[in-house]
Each structure stands twice: as structure tokens, then as C-alpha cells.
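# Structural overview for review
Residues per chain are reported as follows:
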Amino acid sequence: MKRSLLLALQVACLAAGLARADTVSSSLRQHFTAGNQAYLDGDYQRAVDNYRRLVDAGVRNPDLYYNLANAYFRLGRKGLAVLFYERTLKLAPGDQAAEFNLRLVRKSLIDKLVMPAGGAVGEPPWHGFVRRFSLDTLTWVFLLLYSLAFLVALWRRLSKRESARRLLFWLNVPLLTLVLLAGLLFAGRLYLHRKVHHAVVIQPVVQLREGPDRHAKVLVEVHEGLKVRLLADSGGFVRVRLSNGVEGYLEEGDLGRI
Amino acid sequence: MSGRLEHLLLPLLLLVGGTPASGSASGQIRFSAAVDRTEVALDETVTLTLTVTGDAQISASNIVPPGTGTLEIVGTSTSESTSFSFSGGTQQFTRMVNFHYVLKPTRTGKTRIGAAVLKLGGKSWRSRPIDILVVKSSGRRRGAPQSPLQRRFPSWLDDDWNDLFHSPDMFPRRRIGPDDIFVRLTLKPDLAVEGQQLTATLRIYSRVGARVVSIRWPGLNDFFVVDRDVSKAVTEQQQINGRLYHTKVIDRRALFPLRSGELEMGAVEVDVDTSTSPFYPAQTMHLRTRPRRLTIMPLPGQDRPRDFHPANVGQFSMAAAVDATRVALNQPITFTLTIRGTGAIQRIRPPAMPRLGKFRIFDSTSKVEVSNRGALVRGSKQVETILVPLTSGQLTLPALTFSYYDPSQGSYRTLSTEPITLQVAASQEGTDGGSPLVSHEVNLVAGSFKPIRFESELSVRGMALVDRPFFWPLVALPPGLYLLVVLGLALRARGQADTTRNRMRQAWLLSRRHLRKAARLAAAGQAADFYAELKAALVRGFEARCSQPLHGLPLNEAARQLEEEGFAEQLVEAWRTEVENCDFGRFSPASSRGEQMQQSLARARKLFKTIERTRPGTEVRP
């Protein structure tokens, strides 16, 4: 039995090791430092250039995105600032500094259609609730609880004493309840991760059109920083829904996917 | 002639039908009651007609309506006809007045319409009661005759104008003149100053059935225009030049003159569908108001405040507030300035927040709420400004002033807010702490943002865990592990069960173990132990091929059992010889040399090979 438990522990450690975030090389790290220094010097464009090198090298890091968003805002690129604050919050939900700055940026936007916490029009409120948790966190919580529940069940199976078996059974009841709750949250977050995608308008002014064509009737002009929900791709255009429920088509290049 | 006179007189007579009847009864009066049906379904109506014939003036006030039992009165109307005759040089006329009551049943069964009473000149007449049978809803609804009211009102008039036409069976087909229907535009007040509200009210006057189709206003470029809601307007009666009209407000606009001087206002054009009879198609009429010239006075120059804006005309109040008076450094606060009152709320210019060195000020946003009810434009304008304190300590937001011109008082007024004091704490949660001046990130002095991050592991968060290839195997691992263990336990339990098969397998394994040990002992030259092990191997080895254990049986018994199990006699004899040989070797080990032990071992192995490839009952030579 001990051997089985040890084996399970080893497997879990192996998985954790596989999932462990890699750190960037020292050369890439230099760009981060250089970007920070440029930011301090007030050379925001140089700061952006340095941060972008890291982003282009595939670094997905909330601190990097956050600094980049700050630099973009200093340059007056509010759309890109909103985009990278949103990306920060996607990787690190609840990041207070990012939320604070994003709120400030949004106050200066032209379009005041802020995606409410409960989701946009027509979106169920649980979207907003589940989005408060990061997918990786929920995944780990679910996996740990789930593995623990199986380990307890296994332990009970191997145990020969009736009293121990009974104790382990009652230990597993609340554990399985937690597994169910964590599983529901995880499934909801996974659904949002796979099926619900958002983007931010990054051009100063773009036209929301009735169809996926540049000659289609303009429904409304929207401005940079507006968050929209992506519904479907359509040959260079994307069908989007605004938070007030209005749907239309935007050119793909005008949007930055969160 | 009489018909034409009737057309002209009857509507007026009916419209003033509510006035008390004058004159006394003269001549003979006949009073009767009749219904259009005596059996009625629940979804139908029955019409009771009270007819008064005579030469007296009769009005509704002379009639005491009958009790209607379970029937409910849903409509009334009156019709009247007069006939003139000359007899012997004397003019006589006979009047017949019909009072119609439309009754709707409320439940099935028999009911009775009681006697109606006509009171005239101190006398009274009673009609006879009428019994009515109310039955359940029937399918004859479509074919059933409609009540007089329903017949009189075509469906195209079923809108909010219906109340105009509740006595119009007096409107037979005739030509509709400009005196029958017209529109008027009123502008109040008569004299206004620049920016003051003028209320333009469009009213229709009609003596015929009418429905407004469209309203076209002239260009109002010299005005700021706010539409007013007239959906709740009611129809009234008004007498003009001795004629009674139904009148109703059909549109209203608040006009705020954008300049002073003589302003022209063109005619308002209204298209109306009119009808004098339900039996003839509607006639569209084009109505116009007369153009107007307005004199707008300039705003007085005397005592005009310096901060006054010409859009600020009306009556207003002002209030200022912040969402928090105790804040942390760099923490934004919202300053809200609200102006309420009557006037062109959308146009007014609230005071702007002055430059404040100790605050960073973001662009303001404004929100306007205006009620569309009532003649006067009322509402509020709310301006929100985000302020971020850049230094700690006690900071003050200065008083703001707002000047406007009050037309009702004919003077300028100035409103002022109170200064607001803020307590700004030096530290701020989530920032580097302390004053931004001593902070690591000095560039934040000019800003309000949370600073950038200098320390970061800069770990690469690649794709999400769920998108990595090992994720689903990882999910499958705990149940897989559990199943493996359970399966192993089941197999183990099966192997430990006390069955013949297990016993034979155990015996075979044991015999092999004894044989290996015997080989080691032979090599070591330990004869006694060697023969003991070899015998145990021989017994266990053959036992593994038997259904019954041999261990512990005397040799003869064991040999007999082997024969019973079907082993060849020759094989059993060879086994017995070897076992006896082992017993001999055990008890006289000194006589056994190494070579003999090796030979015994070889023979035993040969026996094992034989029983490995044979089954009991087969003749095999050892």
C-alpha cells in the first residue's frame, strides 16, 4: 500500500514538474530590465520596444503585460493599454494594480460600454463569477482534490481494519463534495477558455458594420479600448457583440485578442 | 330643406344633450322600450332602445334608466328626429328621441330589464319590463348583428380619438368645410428673451370624426427644440363662435430661441383622415396653422456676471459632492456636480473644474436626464470628474459658481457650491509606499497609475495546463491507478484461494525450490541434508500432479495413490526407488559420495522432466 501511495506521490510531483513555468533566459531578462529603465527615463516607446521583444519571444507573464500596458498608456495608446491589462488579468485574475489602472484608463475612453462583471447582455452571470479564478489555479485545485479523493478511496480499499475503513469513507464524503464543486468551477472556466473569447479595439476609431464587408452599412463607430466578445471569424472580419448586446462585424486587424 | 337643417342642428343638439331640458311637456307623449333581441350570448351585446315621441323637449336628464339585472351598461347614445307639418295654417312638429343602451351580459340565465321612467312636467311614464335570456358563448358571433355603437364606429377610428365620436350617428355623409376641422398653434409666453423656453402647443379642433396621420413642423433653425410627450392628452369640448368642437393637443414642443430679434416660424402642416359616416371612405384633409413672427428680446447686459453663458437661462439649483473625503495618495476620487431645474438642461454650461496643482484631473463625463412630461423642460445635468491627489495632507476643492438668467424674475442669479476638504493619506496600499517623491519610481509623481513592476520571476506561462498534452493522461491517472490496485488485489486474492489448482501450483514451486537447494547441498557435499531436500522435491513434485496431497503419507500409500491418479506403474516404481534411495542416503550419509549424490540428482531431474511432459495415465518409461 505504501508503495502505491509513494508511486502516486511521485507521479504528482512529476506532473507538477512538467507544469512548472519555465523562466526566461538572461538575455531576454535584460530586455525587461532595459524596458523598466526606459520607462523610468520617460522613454515609453523604448520601453514598449523592449517589452514587446519579450512578448514576441513567447513570454506570457502578467508582470510583463502589466508593465507593457502602463507604457502603452503613457504613449496614449489606450486600446493597447486596455488589451494588455486584460491579458494581465486573464493570467492573474484579481491583480489589484492591473484592475486599478484599467479602471483609470477606462474612465478616459470614449466608449463607456464597459463589460460588466456579470458579463455582457445575454451572458449569464456565472461567466463573471467563474472568470475571477485563473484557469490554471482551478485546474490544480481540481486535480489535487480529485487525486486526493482517489487516494483516500484506495487507502480505504487497502485498509483491513473495519474502523479505519469507516473513518476513511466519512473522510471521503466531504472530499468528494469539494471535488464536485471544484469540478463544476473547473468545467465552467474551461468552457469560457475554449468557447468564450474577447478582444479589445486597438485602433482609435473603427466602424462596426452590418456585414463582413468594407462596403456594408456602418452600424456604429466604436473607439479604442472597447472590449467586445468574439462570436465568429468571417474572412478578415470578426463578428462581435458589444456589451450592450449590439452585434456587428469588425475588421480582424482592428482588434487585439485577449 | 328639413334634412339639411337637421344635419346642421342635430349634432349641436346632441352635443349639448347634457344641458337640462327646458320647456314643459305639451301634447301627447309616448314612451316605450324595446330590445333588438331577447336571447343573447355571453360574448354578445343587446341594445335597449327607449323611444320618446312627442312635441316636448326631451333630454337624457328626463330619463331614469331601468335596472338591468345581470346586464352591464357598456355604452349609451342618443338619436333624434324631428318632423314638421303644417295643418290648417299652423305649424306642428313631432320629435322622436331614442336613447340607446348597449348592455353586455355578465352571466348566463334569465334576467330582466326593469321599467324605465320618463319624467316630464311633473308627470311620469313607465316602460314595460323586458325579460332576457343569457346563454353561453355561441358561434354566431360573426353573424350576429352589432350594437348601434359598434355599427357607428368603423375600425379605423379605434384609436385614442375614439372619445371624439361617441355621438356621431348625427354625422351623415356631407362635405367637410374648414370650419368643421382646423388646427391652431399657441406659443407661450408671448414675449420671451433669448434662451427662454417658449412652449408651442398644437391643438386640433373638430366637429367630425378624424385621425391625425402626420405632423410636419417648419424649419426651427433658430431654436433649440425639445419634444414634449402629449400621449396622455385628453379630448375636451370647446365652443368657438357658437359651435361646439372636440379639441385635443396633438403635439407640443419646447422652443429655446438661440438668438434675439424677429424670428420667423413657418406653418405647421397636419394631415388628417376625416369621416362623417362609417359607410363612406375616409377623406384626407391637409390642415395648416398660420405662420408666426416672434419677437425675442436680448438678454439684459446690465449686471451680467462674468461667467454667465447665454445657454444658462431658466431656474436652477446646484450641488457638489465627492465619493470620499478621506483617500490615499494617488487614489482617484469622483467629484460630482449636479445642476437641476427648468430650462434647456442639455445646453447649459456647468462650471469647469479649475486647474489644481495638487490634483491630476481627468476628462469629465456628463449625464443628462430630462423628463418629457409636462410643458416645461425639467431635468438634471450631472458632471463627473475624476481627480487624483498628487500630494498628501489636507487638500481643498474650491467652490464652483454657476450663473444663469431667471426669466421669471428678470434678473441674473449666481449659485455657488461649498469648498470640499479632503484628507489624503500618504501611504497607499499596493504602491511602493510612502510619498511618490521618495519612491523608487519617480516618474509616478506626475501620474496616478500604480507603478510598473521591477521584480518579476518573468516565468514563461506557456499554454494553459489544460491545453498541454499531459493534462488528460494526468486526469486519467488517479482512476487508472485505483483500478490497477483493485485489479491486483483481486488477482492476489484469487491466487491465495484454497483450491486444488493453487495447491498443485504451490507444490510444484516448492519442489523446484527443494531441487535447487539439493543441488547446492550436493555441491557442498552435505549428504544428509541433500537427500532430505531431494526427497522433499520428489514428494512435492509428484504431489503437484495429484489431486490429493502426498506429503505425510507412508511410501507405499503414496505410491498407491500415484497409481490411482493414473501415473504409469513403471514411473511410480522409479519414483519409489528414488525416494527409498533418499531415505537410505539420509540415514547413512557417510556411505554417500559426491558422485552418487550427483547421480541421484540427475535421476530426480529426469523424473521431473518426465512428469513435466506427461499427464497421469500415460505410459512413460523413466
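Preceding block: the structure.
Scope of this entry: the structure provided in the associated data block. All values reported here derive from a predicted model rather than from experimental measurement. (Residues numbered from 1 in each chain as written. Chains lettered and ligands numbered in written order. Predicted model: local features only at pLDDT ≥ 70, side-chain atom pairs only at ≥ 80, totals over all residues.)

## Here's the deal with the overall build of chain B
Put simply, the rule reads: Under the scheme used here, helices are H or I runs from DSSP no shorter than 4 residues and strands are E runs no shorter than 2 residues, and both carry numbers assigned from the N terminus. Partly exposed residues are those whose C-beta has more than 12 but fewer than 20 other C-beta atoms within 10 Å; with 20 or more the residue is buried, with 12 or fewer it is exposed, and the C-beta atoms are placed from the backbone. It is the C-beta atoms, placed from the backbone, that decide contacts: two residues are in contact if theirs lie within 7 Å.
Scanning chain B for helices and strands turns up eight helices and 32 strands. When burial is assessed residue by residue, chain B has 30% of its 622 residues classed as buried. Nonlocal contacts in chain B, meaning residues at least 24 apart in sequence, comprise 72% of its contacts between residues at least 6 apart.

## So, helix 6 (residues 555-564) of chain B
Residue and element names in this part refer to chain B. Test applied: What the arc describes is the spread of directions from the helix axis to the C-beta atoms.
Burial in helix 6 covers these residues: Ala558, Ala559 and Leu562. Burial along helix 6 is one-sided: seen end-on, the buried residues are contained in an arc of 100°. Every exposed residue of helix 6 that faces more than 90 degrees away from the buried side is listed here: Asn556 and Glu557. Those residues of helix 6 hidden inside the fold are in contact with helix 5 (527-543) and helix 7 (569-587). Following helix 6 by one or two positions, Gly566 has its phi on the positive side, about 105°.

## Looking at the packing of helix 4 (residues 62-74) of chain A against helix 6 (residues 96-107) of chain A
Residue and element names in this part refer to chain A. To keep things clear, this is the line we draw: Axis angles are defined between N-to-C directions and span 0 to 180 degrees, where every axis is a line fitted to C-alpha atoms and, for a helix, only to the segment in contact. Roughly parallel refers to an angle under 35 degrees, roughly antiparallel to one over 145, roughly perpendicular to one between 65 and 115, and oblique to any angle outside these ranges. By convention the crossing between two helices is left-handed if the near helix lies anticlockwise of the far one by an angle smaller than a right angle, and right-handed if it lies clockwise. Following the grouping adopted for this structure description, the nonpolar residues are Ala, Val, Leu, Ile, Met, Phe, Trp, Tyr, Cys and Pro, the charged ones are Asp, Glu, Lys and Arg, and the polar ones are all others, Gly among them.
Contact geometry for helix 4 and helix 6: axes closest at 11 Å, N-to-C directions at 20°. What the angle tells us is that helix 4 and helix 6 run roughly parallel. Helix-helix and strand crossings are classified by hand; for helix 4 and helix 6 the assignment is left-handed. On helix 6, the residues touching Tyr66, Ala69, Asn70 and Phe73 of helix 4 are Ala97, Ala98, Asn101 and Val105. Here the contact of helix 4 with helix 6 is built from residues that sort into six nonpolar, two polar and no charged.

## A closer look at the sheet that holds strand 4 (residues 63-64) of chain B
The condition that has to hold: Between any two strands, pairing holds if DSSP finds at least two bridges.
The antiparallel open sheet is built from three strands, whose spatial order is 4-8-9 (chain B). Both outer strands of the open sheet, strand 4 and strand 9 (123-126) of chain B, are each paired with one neighbouring strand and no more.

## Side note on helix 6 of chain A
All names here are of chain A. What counts, and what does not: Here the expected length of a helix is defined as 1.5 Å per residue gap, with one fewer gap than residues.
In this model helix 6 runs 17 Å from its N-terminal to its C-terminal C-alpha over 12 residues, within 8% of the 16 Å that 1.5 Å per residue would give. Along helix 6, the positions that sit buried rather than exposed are Ala97, Ala98, Phe100, Asn101, Leu102, Leu104, Val105 and Arg106. In the core, the buried residues of helix 6 are packed alongside helix 4 and helix 5 (78-91).

Bear in mind that shape data such as this cannot, by itself, settle questions of function.
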